Protein chains: 2
Amino acid sequence: MVLQRTHQGGKLNKSLIGTEVILSGWVQKRRDLGGLIFIDLRDRSGIVQLVINPEKSQKAHQVADKLRSEYVIAVKGIVVAREEETVNPNMETGEIEVEVSEIELINEAKTPPFFIQDNIEIDESLRLKYRYLDLRRNEMKNTLILRHKVTTYIRNFLDKYGFLDIETPMLTKSTPEGARDYLVASRKHPGHFFALPQSPQLFKQLLMVSGFERYYQVTRCFRDEDLRADRQPEFTQVDIEMSFMPLKEFQDLMEEMMVGLFKETIGYEIERPFLRMTYQEAMERYGSDKPDIRFGMELKDISEIVKESEFKVFRNTIQNGGQVKGINAKGCASYSRKDVDQLTEFVSRYGAKGLAWLSLKEDGIKGSIVKFLSESEIEQIKTTMEAETGDLLLFVADSKEVVADALGNLRLELGKRLNLIPENVYKFLWITDFPLVSYDEEQQRYVAEHHPFTMPREEDIPLLDTDPSKVRAQAYDMVLNGYELGGGSLRIYQQEIQEKMFNVLGFTKEEAWDKFGFLLEAFEYGTPPHGGIAFGLDRLVMILANRNNLRDTIAFPKTTNANCLLTGAPTFVDDKQLKELHLEIKAKVKETEEIV
Amino acid sequence: MVLQRTHQGGKLNKSLIGTEVILSGWVQKRRDLGGLIFIDLRDRSGIVQLVINPEKSQKAHQVADKLRSEYVIAVKGIVVAREEETVNPNMETGEIEVEVSEIELINEAKTPPFFIQDNIEIDESLRLKYRYLDLRRNEMKNTLILRHKVTTYIRNFLDKYGFLDIETPMLTKSTPEGARDYLVASRKHPGHFFALPQSPQLFKQLLMVSGFERYYQVTRCFRDEDLRADRQPEFTQVDIEMSFMPLKEFQDLMEEMMVGLFKETIGYEIERPFLRMTYQEAMERYGSDKPDIRFGMELKDISEIVKESEFKVFRNTIQNGGQVKGINAKGCASYSRKDVDQLTEFVSRYGAKGLAWLSLKEDGIKGSIVKFLSESEIEQIKTTMEAETGDLLLFVADSKEVVADALGNLRLELGKRLNLIPENVYKFLWITDFPLVSYDEEQQRYVAEHHPFTMPREEDIPLLDTDPSKVRAQAYDMVLNGYELGGGSLRIYQQEIQEKMFNVLGFTKEEAWDKFGFLLEAFEYGTPPHGGIAFGLDRLVMILANRNNLRDTIAFPKTTNANCLLTGAPTFVDDKQLKELHLEIKAKVKETEEIV
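These numbers were taken from a predicted model, which means no experiment stands behind them. (Residues numbered from 1 in each chain as written. Chains lettered and ligands numbered in written order. Predicted model: local features only at pLDDT ≥ 70, side-chain atom pairs only at ≥ 80, totals over all residues. Heavy atoms only, no water.)

Attention now moves to the overall build of chain A. Counting its regular elements, chain A contains 17 helices and 23 strands. With the principal axes as the frame, chain A shows a C-alpha extent of 90 × 75 × 55 Å. Buried residues in chain A amount to 58% of all 596 residues. Across chain A, the fraction of contacts at a sequence separation of at least 24, relative to all contacts at a separation of at least 6, is 67%. In the form shown here, chain A has an accessible surface area of approximately 25500 Å², with 45% of it arising from carbon and sulfur atoms. (Helix = DSSP H or I, 4+ residues; strand = E, 2+ residues; numbered from the N terminus. Buried < 20%, exposed > 50% of the residue type's maximum accessible area, 1.4 Å probe, protein only. Contact = heavy atoms within 4.5 Å. Areas by Shrake-Rupley, 256 points an atom, 1.4 Å probe, with all protein chains shown as cover.)

Right, let's get into the domain arrangement of chain A. Domain annotation for chain A reports domain 1 (9–107), domain 2 (141–277 + 429–552) and domain 3 (295–421). For domain 1 of chain A versus domain 3 of chain A, the separation of C-alpha centres amounts to 62 Å. (Domains from an automatic or database assignment.)

The next thing to look at is the relation of the copies chain A and chain B. Take chain A, turn it by 180 degrees, move it 0.0 Å along the axis, and it overlays chain B with an RMSD of 0.1 Å. Both copies of the chain, as the preceding transformation shows, are related through a two-fold rotation axis. No C-alpha of chain A approaches the rotation axis more nearly than that of Val184(A), which lies at 2.2 Å. In this assembly the copies share their binding face: 100% of the residues contributing to the interface of chain A also contribute to that of chain B. (Least-squares fit on C-alpha atoms with pLDDT ≥ 70 in both.)

Another point: the sheet that holds strand β17 (residues 428–432) of chain A. Residues and elements named next belong to chain A. As summarised here, the arrangement of the eight strands in space is β6-β9-β10-β22-β21-β20-β17-β11, forming an open sheet in which the pairing is mixed. Strands at the two margins of the open sheet, each flanked by one partner only, are β6 (164–165) and β11 (275–278). Bridge count between β6 and strand β9 (residues 214–222): two bridges; the pairing is parallel. Bridge pairing links Asp165 to Tyr216 in β9. Where helix α4 (residues 138–160) meets the sheet, it contacts β9 and β10 (234–243), and its direction lies at approximately 150 degrees from that of β9. (Pairing = 2+ DSSP bridges. Axes fitted to C-alpha atoms, helices over the stretch in contact; angles between N-to-C directions.)

Okay, the pairing of strand β22 (residues 530–536) of chain B next. The two faces of the sheet receive side chains in turn, since in a regular strand these alternate between them. All names here are of chain B. Counted residue by residue, β22 has six buried out of seven residues, so it is predominantly covered. As paired strands, strand β10 (residues 234–243) and β22 are joined by seven bridges and run antiparallel to one another. Looking at β22, one finds that Ser243 is bridged to His530. One ladder, built from five bridges, connects strand β21 (residues 483–490) with β22; its direction is antiparallel. The residue bridging Gly488 from the neighbouring strand is Ile533, located in β22.

Residue and element names in this part refer to chain A. Taken from the UniProt record, the annotation "binding site: L-aspartate" (unreviewed entry) applies to Glu177, Arg223, His450 and Arg491. In this fold, Arg223 is placed in the loop between β9 and β10. Here His450 is to be found in the loop between β19 (445–448) and α13 (463–466). Take His450: its relative accessible area is 34%, and that puts it in the partly exposed class. Once you skip the residues sitting within four places of it in the chain, His450 turns out to touch Leu436, Gly487, Gly488, Ser489 and Arg491. (UniProt positions renumbered as here; feature names shortened; annotations may be inferred.)

Formed by 227 residues in total, the largest nonpolar core has its most connected members in Ile240(A), Met254(A), Met258(A), Ile240(B), Met254(B), Met258(B) and Phe262(B). Not counting residues within four places of it along the chain, the set of residues in contact with Met258(A) comprises Ile270(A), Phe274(A), Phe428(A), Met478(A), Leu485(A), Phe535(A) and Leu540(A). (Core = buried A, V, L, I, M, F, W, Y, C linked by side-chain atoms within 4.5 Å.)

Okay, the pairing of β10(A) next. Residues and elements named next belong to chain A. With 10 of 10 residues buried, β10 is to be regarded as a mostly interior element. Relative to β10, β9 is paired through nine bridges, and the arrangement is antiparallel. By the bridge assignment for β10, Val218 is matched with Val238.

The next thing to look at is the sheet that holds strand β1 (residues 20–33) of chain A. In a beta sheet, neighbouring strands are held together by backbone hydrogen bonds and run either parallel or antiparallel to one another. Residues and elements named next belong to chain A. Strand order in the closed barrel formed by five strands is β1-β2-β3-β5-β4, and the pairing between neighbours is mixed. Here the strands of the sheet are splayed against their neighbours by 55 degrees on average, with no regard to which way each runs. Where strand β3 (residues 46–52) lies against strand β5 (residues 96–107), two bridges are found, and the strand directions are parallel. Bridge pairing in β5 links Leu50 to Val98. Of the strands in this sheet, β1, β2 (36–43), β3 and β5 are in contact with helix α1 (residues 58–66), which crosses β5 at around 70 degrees.

Looking now at the interface of chain A and chain B. At the interface, 125 residues of chain A touch 125 residues of chain B. For the pair chain A and chain B, the summed buried area comes to about 11400 Å², and 59% of that belongs to carbon and sulfur atoms. Counting the surface chain A buries against chain B, the share from its top three residues, Arg44(A), Phe244(A) and Tyr525(A), is 7%. In this assembly, chain A and chain B are joined by 16 salt bridges. A salt bridge links Arg155(A) to Asp165(B); the shortest N-O distance between them is 2.8 Å. Looking at the side of chain A that touches chain B residue by residue, the class counts come to 61 nonpolar, 31 polar and 33 charged. Inspection of the sheet shows strand β23 (residues 583–585) of chain A paired to strand β23 (residues 583–585) of chain B by three bridges, in the antiparallel sense. What sits directly across from Ile585(A), in β23(B), is Leu583(B). (Buried area = accessible area lost by both parts, 1.4 Å probe. Salt bridge = Lys/Arg side-chain N within 4 Å of Asp/Glu carboxyl O. Nonpolar A, V, L, I, M, F, W, Y, C, P; charged D, E, K, R; others polar.)

Overall, the coordinates contain 50 aromatic pairs over all chains when judged by the stated rule. On the numbers, 5.9 Å between centres and 75 degrees between planes, the contact of Tyr130(A) with Tyr525(B) is edge-to-face. Placement of Tyr130(A) in the loop between α2 (124–129) and α3 (131–134) and of Tyr525(B) in the loop between α15 (509–522) and β22 is noted, with the two residues assigned to different chains. Note on Tyr525(B): relative accessible area 4%, which makes it buried. For the pair Phe311(B) and Phe314(B), a centre-to-centre distance of 4.7 Å together with 80 degrees between the ring planes defines the contact as edge-to-face. The exposure class of Phe311(B) is buried, given its relative accessible area of 15%. Ring-pair connections join several aromatic residues into one group, and the members of that group are Phe262(A), Tyr268(A), Phe274(A), Tyr426(A), Phe428(A), Trp430(A) and Tyr476(A). Over the aromatic face of Tyr130(B) sits the side chain of Lys129(B), whose NZ or CZ is 5.2 Å from the ring centroid. Sitting over the ring of Phe507(B), Lys515(B) keeps its end group 4.9 Å from the ring centre. (Phe/Tyr/Trp six-rings, centres within 6.5 Å; stacked < 30°, edge-to-face > 60°. Lys NZ or Arg CZ within 6 Å of the ring centre and 35° of its normal.)

For the rest of this paragraph, the subject is the packing of α4(A) against helix α4 (residues 138–160) of chain B. Contact geometry of α4(A) with α4(B) gives a least axis separation of 11 Å together with a crossing angle of 140 degrees. Accordingly, the angle class assigned to the pair α4(A) and α4(B) is oblique. Once α4(A) is placed against α4(B), the crossing between them reads as left-handed. Residues His148(A), Thr152(A), Arg155(A), Asn156(A) and Asp159(A) of α4(A) form the contact with α4(B), whose own contacting residues are His148(B), Thr152(B), Arg155(B), Asn156(B) and Asp159(B). The class makeup of the residues in the contact of α4(A) with α4(B) is no nonpolar, six polar and four charged. (Parallel < 35°, antiparallel > 145°, perpendicular 65-115°, else oblique. Left-handed = near helix turned anticlockwise from the far one by under 90°.)

Before going further, it helps to spend a moment on the pattern of salt bridges. On inspection of all chains with the given rule, the structure shows 104 salt bridges over all chains. Between Arg272(A) and Asp252(A) there is a salt bridge, with the nearest N and O atoms lying 3.8 Å from each other. One end of the pair, Arg272(A), is in the loop between α6 (247–266) and β11; the other, Asp252(A), is in helix α6, and 20 residues separate them in sequence. Classification of Arg272(A) by relative accessible area gives partly exposed; the value is 38%. Note on Asp252(A): relative accessible area 24%, which makes it partly exposed. Arg30(B) is paired through a salt bridge with Asp65(B); the nearest N and O atoms lie 3.7 Å apart. Of this pair, Arg30(B) sits in strand β1 (residues 20–33) while Asp65(B) sits in helix α1 (residues 58–66); the two residues are 35 residues apart in sequence, bridging distant segments of the chain. Using a relative accessible area of 28% as the deciding quantity, one classes Arg30(B) as partly exposed. Shared partners join several salt bridges into a network, and the residues in it are Arg127(A), Arg131(A), Asp134(A), Arg137(A), Glu139(A), Arg547(A) and Asp552(A).

Residues and elements named next belong to chain B. Here helix α6 (residues 247–266) spans 28 Å end to end across 20 residues, near enough to the 28 Å set by a 1.5 Å rise per residue. Among all positions in α6, only Phe250, Gln251, Leu253, Met254, Glu255, Met257, Met258, Val259, Gly260, Leu261, Phe262 and Thr265 are buried. Directly beyond the C-terminal end of α6, a positive phi value near 70 degrees is found at Gly267. (Expected span 1.5 Å × (residues − 1).)

In structure tokens:
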């Protein structure tokens with residue numbers, strides 16, 4: 001390389017007219033117009049137009065003539081104003097171009113398998129295989145630049161408030177009571193494995209025991225789970241823990257961080273303070289512990305109204321301890337039978353056995369249940385549902401859980417279909433008072449909803465002995481537009497409460513020590529009151545970048561099947577490597593098997 | 001917890017006299033003096049003295065009476081000036097104390113297994129087992145705070161210069177041509193493994209292919225190697241890569257970063273520009289590619305002088321292609337035969353078969369070789385070695401490699417013994433022009449010294465065909481006080497040079513593609529000139545914190561045997577987990593086996 005860059009091409013502007021510049025980058029596009037060659041030169045900063053006039057430099061023109069898309073070049077030239085009719089207002093550098101006197105061809109390029117431009121419609125697997133080319137596209141590049149800004153902002157914010165970035169181990173101990181661990185074989189310890197951390201939970205609590213008082217880390221976490229579309233086997237967590245700080249003060253600080261972050265990165269002003277809602281209220285009103293409150297269409301309980309209705313399904317459900325709730329799809333009275341059938345199919349995915357409906361048409365009320373309801377019942381329902389002519393009322397009768405899940409999701413679905421959800425609006429809220437434990441039918445015991453170190457609400461502690469499922473935890477989620485952005489809790493720091501908690505989970509003291517011994521031992525040496533939160537960085541960036549897919553926020557992501565299409569990982573390894581690890585494969589796998 | 005902290009105890013000072021404060025933290029020490037109880041209260045910020053006077057608050061005194069070391073408390077009180085005779089000038093808060101009106105006992109503590117204070121002399125394994133207590137000690141706490149400052153500084157510096165923090169995968173592909181990979185079993189892909197990265201090398205080069213131009217990451221790397229005292233199975237790397245930037249400019253930037261870092265964190269002014277020395281010169285003058293240039297005692301070649309000497313060992317060594325070099329231990333003529341024997345034993349560890357010596361005593365020259373040397377030879381040696389009466393000259397005759405290793409280490413050893421190495425002086429230099437490849441006798445082929453993508457010096461490219469071992473790489477290390485702080489190189493971006501390189505390493509095109517296919521394919525789509533460097537963060541912090549041990553810079557390190565004494569990792573895992581992973585253990589290991 002002879003020509004050394006003096007400027008970034010995408011940052012050239014009118015103020016530089018007349019200046020000689022040296023640029024380097026990739027050929028985005030080349031056009032030959034009446035002897036003049038025009039090249040769109042791309043570097044990280046953007047795109048600038050080069051003009052190569054054979055009358056000014058024959059040599060440069062000869063080089064330019066050979067250039068193809070994605071060739072790497074350096075050029076020397078003068079910044080000149082474009083003629084008025086060729087000014088491009090859609091381009092940052094659209095008022096100028098560079099009149100080239102010298103071109104250095106640095107590297108050639110094969111024709112890429114897809115166009116290096118935004119909004120391409122190609123199979124994602126091709127994008128993943130050629131990720132290095134996909135990342136050249138503006139929207140992908142900008143997402144990663146945004147991600148850099150997000151972590152940089154968060155780190156500096158936390159640093160300002162005295163949180164210390166402390167690294168915790170990646171090679172650690174397999175922990176019970178969580179998702180599946182990724183296991184790392186150990187050459188020096190036959191039969192022993194490290195586990196990759198699902199979160200730095202235990203270590204961050206140990207750091208509080210150590211007295212660091214305020215800790216943070218932007219760190220990788222791992223889960224060997226069946227992957228859903230929005231999960232990755234490795235993901236990044238902004239992990240924060242503090243001691244001696246009242247919960248409200250800590251939550252305020254987290255709000256302040258989000259306010260600053262959104263302002264700094266996308267110029268959006270978040271409203272403060274964040275709305276607060278208990279878990280119970282969120283479930284009742286939205287059928288979700290991460291409600292999207294950008295629109296209404298709340299769930300209304302009509303159980304009281306229909307508990308003695310002639311409609312057997314309603315009556316029986318309520319008698320059996322279930323409930324009947326509905327949502328009001330405003331203005332949808334014109335939905336056809338077929339439309340409603342489709343919605344019925346939709347709620348069935350969430351376990352609902354049916355979808356009852358009332359359509360408030362101009363010419364009277366129609367619907368699947370109209371014939372079973374008395375006039376008074378219908379009137380009361382209309383009042384409760386705030387219904388008026390033109391509305392479509394949709395009901396699910398089932399257990400509390402199924403009703404919430406089915407109607408909560410139906411609400412979101414209709415919100416989207418009816419365009420009720422404003423874009424570029426960010427509605428934050430805290431969900432608080434999560435249940436501490438829930439009963440696991442399979443294991444026939446209570447399991448921790450958050451983790452076994454979550455502090456119960458003080459006034460609920462007596463319930464640990466009598467009705468654990470009623471105990472509310474000092475646990476909280478930060479929710480944004482229907483996504484859980486982060487979750488945390490205060491931790492138990494008193495031995496007797498911790499023992500009670502293990503008791504509830506059905507562990508003997510011995511079992512508890514077997515599972516969590518080193519943490520429990522640490523707690524004996526002077527544990528401060530502490531708590532924290534962890535944010536999912538990938539999701540936060542996804543929302544800020546307005547992407548639909550976590551993979552778009554990660555430079556080198558894996559497929560939903562935990563494959564890296566770029567490198568081919570995971571791969572077979574040498575027998576020699578396995579031997580050193582004292583391992584043998586038990587499954588029959590053919591060398592040629594393709595697993596994608 | 002009722003009392004909510006208003007101040008950090010370690011930050012109280014005279015300006016707050018008369019103020020009511022609420023503090024929280026740990027009891028460092030409790031003393032009962034004539035009815036008054038004095039408590040040293042420790043929080044992250046430091047220590048402050050509390051006074052509890054039973055006449056002012058009987059209740060507080062009663063609580064204070066029960067307190068023991070490491071109990072967690074919160075206190076309310078008034079900042080008061082200490083009486084003149086009790087002012088403690090060795091303590092940040094030594095001019096004041098807090099007169100306590102209220103104490104809240106937050107948590108009790110067992111007696112720690114060692115004192116929470118600096119400079120304790122206890123077995124490191126005990127410190128590692130109770131790491132959370134070890135980290136309470138001032139020197140450990142301060143080292144981690146320093147580490148935070150180091151990463152914060154580096155990140156902000158790199159951000160300022162447009163380097164983007166981009167995360168690369170932890171679950172990736174096992175790579176050949178490096179140290180041993182840690183392998184991660186994959187539940188969904190029987191027989192397949194991910195590897196933990198030894199460095200993000202391939203990904204950072206792909207990011208350059210993508211056009212990010214400037215990248216950095218503070219990231220964990222892994223090596224399943226036999227551990228030396230100063231290695232950890234997981235370690236942190238400051239990884240930096242750039243495109244389109246002249247090497248000198250990049251190195252200048254790295255120098256500027258170090259200058260700023262040392263100034264910001266320890267207030268030290270590094271001299272710039274850094275000294276530059278070729279690998280060859282460093283080996284000749286210091287017998288090391290990471291010379292400690294804080295002191296002299298350079299290696300001098302006397303081969304020319306003694307090549308025809310009567311001393312057969314010298315003569316034969318030189319005839320067989322070896323060399324004879326020496327160092328001058330100034331003022332050590334008084335060393336006894338036994339002292340020299342000890343040094344001989346020392347150099348034997350580095351392969352030297354002997355240590356010849358000349359002692360320039362007041363009453364004449366003594367030494368093992370004096371009788372074999374002519375007067376003229378001795379005079380020439382004295383001149384070359386810049387020797388004068390009182391000096392001890394030490395010589396090794398062997399192959400170039402053994403001479404360098406033995407004398408290089410002897411030089412360091414003597415430098416320490418003779419107190420020649422000034423403390424708190426930081427001498428940086430660049431070592432450049434490393435060999436590109438070296439011949440591996442075991443594999444009977446050339447292997448890359450840095451990695452297979454390292455760019456040779458342009459003028460040496462023809463040597464790739466004729467004498468590869470003579471080719472100098474565009475590779476460089478930043479060296480500080482005898483430590484390699486970081487190493488990097490420019491990378492090959494032209495296909496034909498890359499092919500030549502693989503040729504030298506004995507790979508067919510097919511083999512090369514089999515090993516590095518996805519990177520080689522990426523290089524076909526327009527690769528910019530690029531290069532970078534990686535710094536070892538643990539070591540950098542170790543030097544800045546003036547510690548002797550990498551483990552002291554890591555919150556939760558492993559032993560040299562790759563064990564975590566705190567958690568017990570690695571551990572056995574459930575048979576169920578192994579079954580899901582389709583793995584079976586082949587080694588015989590007893591459940592009870594203790595591996596430490």
